[in-house]
Amino acid sequence: MNSIWRDVRFGIRMLAKSPGFTTVAVLALALGIGGNTAIFSVVHATLLEPLKYQDPDRLVMVWSKPRPEFRNATSVGDFLDWREKSTVFEGLHAWTDRHVSVATAERPRSIEAGFVTPGWIVNHGLVIRLGRDFLKEEGVVGNDRVVVLSDSLWRGTYGADPGILGKQVRIDGENRTVVGVLAYGPADRMERKLYLPLVFRPEQVNHDVNWLTVMGRLKPGVTLEQANAQMAVVASQIAQAHAGDRKGWTVSVEPLQNNFLDRDTIRGLWLLLAAVAFVLLIACANVANLQLARGASRQRELVVRAALGAGRRRLVRQLLTESVLLAVLGGVLGIALALGLLDVIAATLPPYTLPSEADVRLSIPVLVFTLAATTLAGVLFGCAPAWQASRLNLAETLKEGGRSAASGRHRLRRGLVMVEFGLALALLAGGGLAIHSFLKLVRLDLGFRTERLLVFDLPVPEARLRDPDAVRAFYRRLLERVEAVPGVNAATVSTGVPGWGTNFGGPFEVVGQPLPEGSASRGAGFNMVSPRYYETFGIRMLSGRPLTAADAERAAPVAVVNETFARRYLAGLDPLAQQVSVSLPAPGLATPGPRVVRQIVGVTRDVRNGGPRNESFPQLDMPFWQSPWPAAQVSVRTAVEPASLVPSLAAIVQSLDPDLPLANPRTLDEIVSRGLARDRFNALLFGGFAATALVLAALGIYGVMSFVVAQRRQELGLRLALGASRSRVLGMILKDGMTTALGGTLVGCIGAYWVGRSMQGMFPGVPSLDVTTFAAVAIVLVAAAVLACYLPARRAARVDPLVAMREE
């Protein structure tokens, strides 16, 4: 221990004697270690850390599966049959989410609520701070006037009132009693902020409409295989009893952890971790190069120490100690950088991208990972100079002008720079793909106009507007008053907006056109729209006419389809001569209504109805007055700044219904921007790490060429004295550096191809083998290498021959 402590003190003195070297090395390592720590914090919290619930391995999701590759929500009838006929669950509960109107002192607020079956909260594993979970009898119609608040809502809206239990809260125009408050935890990272009992009305108990999400807790000792085996039997019994509705449907029991994470998000997290690992490797190669350059000036010191009795193992240990000290300093600074990077990630990560259970922070496992990365980095970049020091020849090195050690170092440094350039090109390829994809999506023609268009929701309670005539009357009065507001050019009501998708969809039939052989059904998104919808959004008609005020409730049923619908389902037919048969769900999620035959009267140009990242899907638009829906969206085209009209529009909504809030006002530009949030995040992080790799690689070759120029100073002076032109010396040094850079770039092409294959499908609109992007990033890397080589080469060309010869 005394010997190690002496090595540490000596290492600290040596690093302090070279502040420039120490600063550059620590900064390079901090970039690599900080990036790894931050991204591993996200990966660990999301994919590796166990759920913070009691017995989390027993928590499962239960999905209906109409096809093996597709999982679906569940009908009330299926859920009740599952709960009655299965014996593998300790508890089986359902929930659904929707926005409700909550009365506050100032105005009603729209808040997302979770409607859950009694016992769901405790079964889920959420901790209750005050009060209790819902009782079994509170899951019955008429007994459900109770509510449980999340910690964030309790603190933010009700001032953390400790006497909140038993008080009344007005929700959707009805008073409900507060019976519980959750403790702070995963529930506060969810979008839903309060919980209400889920009750089933008699008309909702069917096997036709799928709207429930189901979660269960397995009994102790029950495995996933056993649960799936029993649920397969239950699904078969349901399919036999309801052959027309559930033929071919199966059930899947899956672990809760990461069940809601899509494959691209999981793959993106691992790729980000691989990217920062590359940055750390480049930083290690850079510091190893710096160590080798510094070792050239220390080789006499090391030889003298060896001559005085220090063995090779002693010298190697000393150099590795110095390397680990550098890594520790880099690790400490890297943790500080990781905290800042986590703030950047939190600010740019799209909301609700990660599971609510993912608490991203610098936890003990993350710090252990940082310690391991720091130690590994110290050993990695310390091995090269330590290995060179162990091979020093005393006699050769003590000779004036001995070249063997220097030439060996030079070859090793060139090899490290080639590795840096190969890794940098691979990272640049990933960053280039992310940025190229994002720029293509930003410039994409969406098929509709986004400027000066405000959209807001009206979360009308299901019980408030059950009668279709009441729904029509409410929205007609609303549109009339909205269009009278100064600055409003047009307004429309619909159940979906372009760029955000539709709230409804399902099967339909083309009258007189049987299904192609092998097809189970035709499916499309359904959108109920009022007149002026196409005018408000600037959607162009390709043929026929738009839906107008003449398409009222007593007019002939009609529909408008988009290009994708006509191309996929009406190929070779005249769309305007076709009819479709559609059954829409009734408000309140009851059994679907009767089939209605609708005449197609128009075909619209395709728009990105599912957002800029997704291709257009088949869509069927129907007149809102013929198929009214209580909770809808209102879109307003304005002549002024849309945000300036929000108070006036909110006052109109309040005048029509004091309990109804104007919810979630946003512009269509904001909707489109949210659709690009993931691509913006990928472009920012992958691009940022690629830029860091580019800078480190450029610094690496700059350091090598500076070292070469310093080593060959006398030679270059002699060449100039013997008549070599300065341009020739400049070209010679540039050629030397660019040979190394181009060699690394060629090696990096293999890595770039691998990166493209790994990211295949992650970036819409960009192929995995994007030659244009790869060529562009290679040019950028080579240009950086030219600049990094030019500065030392220019210094070499300015060597004074007399001064150089005198030094020799």
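Nothing here was measured: the structure is a model prediction, and the numbers come from that model.

Parameters and conventions
- Residues numbered from 1 in each chain as written.
- Predicted model: local features only at pLDDT ≥ 70, side-chain atom pairs only at ≥ 80, totals over all residues.
- Heavy atoms only, no water.
- Helix = DSSP H or I, 4+ residues; strand = E, 2+ residues; numbered from the N terminus.
- Buried < 20%, exposed > 50% of the residue type's maximum accessible area, 1.4 Å probe, protein only.
- Contact = heavy atoms within 4.5 Å.
- Areas by Shrake-Rupley, 256 points an atom, 1.4 Å probe, with all protein chains shown as cover.
- Salt bridge = Lys/Arg side-chain N within 4 Å of Asp/Glu carboxyl O.
- Polar contact = N/O pair within 3.5 Å; in protein donor to acceptor, adjacent residues only side chain to side chain.
- Core = buried A, V, L, I, M, F, W, Y, C linked by side-chain atoms within 4.5 Å.
- Phe/Tyr/Trp six-rings, centres within 6.5 Å; stacked < 30°, edge-to-face > 60°.
- Lys NZ or Arg CZ within 6 Å of the ring centre and 35° of its normal.
- Pairing = 2+ DSSP bridges.
- Arc of directions from axis to C-beta.
- Axes fitted to C-alpha atoms, helices over the stretch in contact; angles between N-to-C directions.
- Parallel < 35°, antiparallel > 145°, perpendicular 65-115°, else oblique.
- Left-handed = near helix turned anticlockwise from the far one by under 90°.
- Nonpolar A, V, L, I, M, F, W, Y, C, P; charged D, E, K, R; others polar.
- Patch = residues over 30% accessible without salt bridge, like charges linked within 9 Å, V, L, I, M, F, W, Y side chains within 5 Å.
- pLDDT = per-residue confidence, 0-100.

Draft legend 1. Representation of the overall build of the protein within the structure. Broken down by element type, the protein carries 22 helices and 25 strands. Within the protein, the proportion of its 808 residues that are buried is 53%. Put simply, 82% of the contacts in the protein that link residues at least 6 apart link residues at least 24 apart. Counting only carbon and sulfur atoms, one obtains 59% of the accessible surface of the protein, whose full area is about 35300 Å².

Draft legend 2. How the structure looks around the pattern of salt bridges. By the definition in use, this model includes 30 salt bridges. A salt bridge links R145 to E174; the shortest N-O distance between them is 3.4 Å. A residue pair is termed long-range when its members are at least 10 positions apart, and R145 in the loop between β6 (128-131) and β7 (146-149) and E174 in strand β9 (residues 174-182) qualify at 29 residues. Taking relative accessible area as the criterion, R145 reaches 34% and is therefore assigned partly exposed.

Draft legend 3. Layout of the side chain of T745. On the secondary structure map, T745 appears in helix α20 (residues 726-758). Residue T745 is classed as buried on the basis of its relative accessible area, which comes to 7%. The contacts of T745, once residues within four sequence positions are left out, are F421, L425, A778, L781 and V782.

Draft legend 4. How the structure looks around the environment of F763. Tracing the chain through its elements places F763 in the loop between α20 and α21 (771-797). For F763, the residues in contact, after removing those within four places along its chain, are G430, L433, A434, S437 and N682.

Draft legend 5. Inspection of the side chain of N609 at higher detail. Structurally, N609 is set in the loop between β22 (596-604) and β23 (619-623). Within the structure, N609 has its side chain in polar contact with the backbone oxygen of F617 (distance 3.0 Å). At a separation of 3.1 Å, a polar atom in the side chain of N609 contacts the side chain of Q619. Here N609 is in contact with V497, G499, W500, G501, N562, E615, S616, F617 and Q619, once residues within four sequence places are set aside.

Draft legend 6. The arrangement of the nonpolar core in detail. Counting 93 residues, the largest nonpolar core has I39, L326, F381 and I701 as its most contacted members. Not counting residues up to four positions away in its chain, the partners in contact with I39 are L269, L272, L273, V276, I345, L685 and F689. Among the nonpolar cores identified, the runner-up in size contains 46 residues, and L479, V488, V510 and A632 belong to it.

Draft legend 7. Quick peek at the packing of aromatic side chains. Summed over all chains, the structure comprises 15 aromatic pairs. Ring pairs connect the aromatic residues F474, Y475, F624 and W625, which therefore count as one cluster. Over the face of the ring belonging to W625 we find R476, whose NZ or CZ atom lies 4.4 Å from the ring centre. Here R666 stacks its cationic end above the ring of W500, 5.7 Å away from the centre of that ring.

Draft legend 8. Highlighting the pairing of strand β4 (residues 89-102). The element β4 is extensively covered by neighbouring structure, given that 10 of its 14 residues are classed as buried. Pairing between β4 and strand β11 (residues 210-218): six bridges, direction antiparallel. In the strand pairing of β11, F89 is matched with L218. Two strands pair when backbone bridges link them, and β4 and strand β5 (residues 109-116) are joined in this way by eight bridges, in the antiparallel orientation. In the strand pairing of β5, W95 is matched with V116. Between β4 and the antiparallel strand that follows it, β5, lie six residues.

Draft legend 9. Representation of the environment of N286 in the model. Among the structural elements, N286 can be located in helix α8 (residues 263-307). Excluding residues that lie within four positions of it along the chain, N286 makes contacts with E420, L696, L699 and G700.

Draft legend 10. Spatial organisation of helix α17 (residues 668-675). Among all positions in α17, only L668, I671 and V672 are buried. Along the long axis of α17, the arc covered by the buried residues comes to 95°, so they all point the same way. Looking at the buried residues of α17, the elements they touch are β13 (453-458), β15 (496-497), α14 (533-537) and β25 (663-667).

Draft legend 11. Region of interest: the packing of α20 against α21. Viewed as axis vectors pointing N to C, α20 and α21 meet at an angle of 155°, and their least axial separation amounts to 8 Å. Overall, the two elements α20 and α21 adopt an arrangement that is roughly antiparallel. As α20 packs across α21, the resulting crossing turns out to be right-handed. Split into classes, the residues belonging to the contact of α20 with α21 amount to 20 nonpolar, three polar and two charged.

Draft legend 12. Expanded view of the packing of helix α19 (residues 713-721) against α20. Put simply, α19 and α20 touch, their axes get as near as 10 Å, and they point 145° apart. α19 and α20 meet at a crossing whose hand is right-handed. Residues L716, R719 and L720 of α19 form the contact with α20, whose participating residues are R726, V729, M732 and I733. Of the residues contributing to the contact of α19 with α20, the split by class is five nonpolar, no polar and two charged.

Draft legend 13. Structural context of unusual backbone geometry. In this structure, R452 is a non-glycine residue whose phi angle is positive, near 50°. Checked against the element boundaries, R452 lands in the loop between α12 (404-442) and β13. The residue R532 is not glycine, and still its phi comes out positive at about 75°. Of note, R532 is situated in the loop between β18 (522-529) and α14.

Draft legend 14. Examining a nonpolar patch on the surface more closely. A grouping of L27, L31, L333 and L337 is seen on the molecular surface, where their side chains present a nonpolar patch of about 310 Å² in accessible area. When residues of the nonpolar patch are traced back to their parent elements, those giving at least two are α2 (19-48) and α9 (312-348). On the secondary structure map, L333 appears in helix α9. A relative accessible area of 30% means that L333 is categorised as partly exposed.

Draft legend 15. Region of interest: the pairing of strand β17 (residues 504-510). The pairing of β17 with β18 spans five bridges and is classified as antiparallel. The residue of β18 that forms the bridge with P507 is G523. Bridge analysis of β17 against strand β21 (residues 579-582) gives three bridges, and the strand direction is antiparallel. Its bridge partner being in β21, F508 is matched across the sheet by V582.

Draft legend 16. Seen up close, the environment of L439. Residue placement: L439 occurs in helix α12. Residues L439 and R680, 241 residues apart in the sequence, show an inter-C-alpha distance of 9.3 Å.

Draft legend 17. Layout of the confidence of the model for the protein. Averaged over all residues, the pLDDT of the protein equals 85, while 89% of them reach at least 70. Across residues 400-406, where pLDDT falls below 50, the model places eight contacts with residues more than four positions away in sequence or in other chains.

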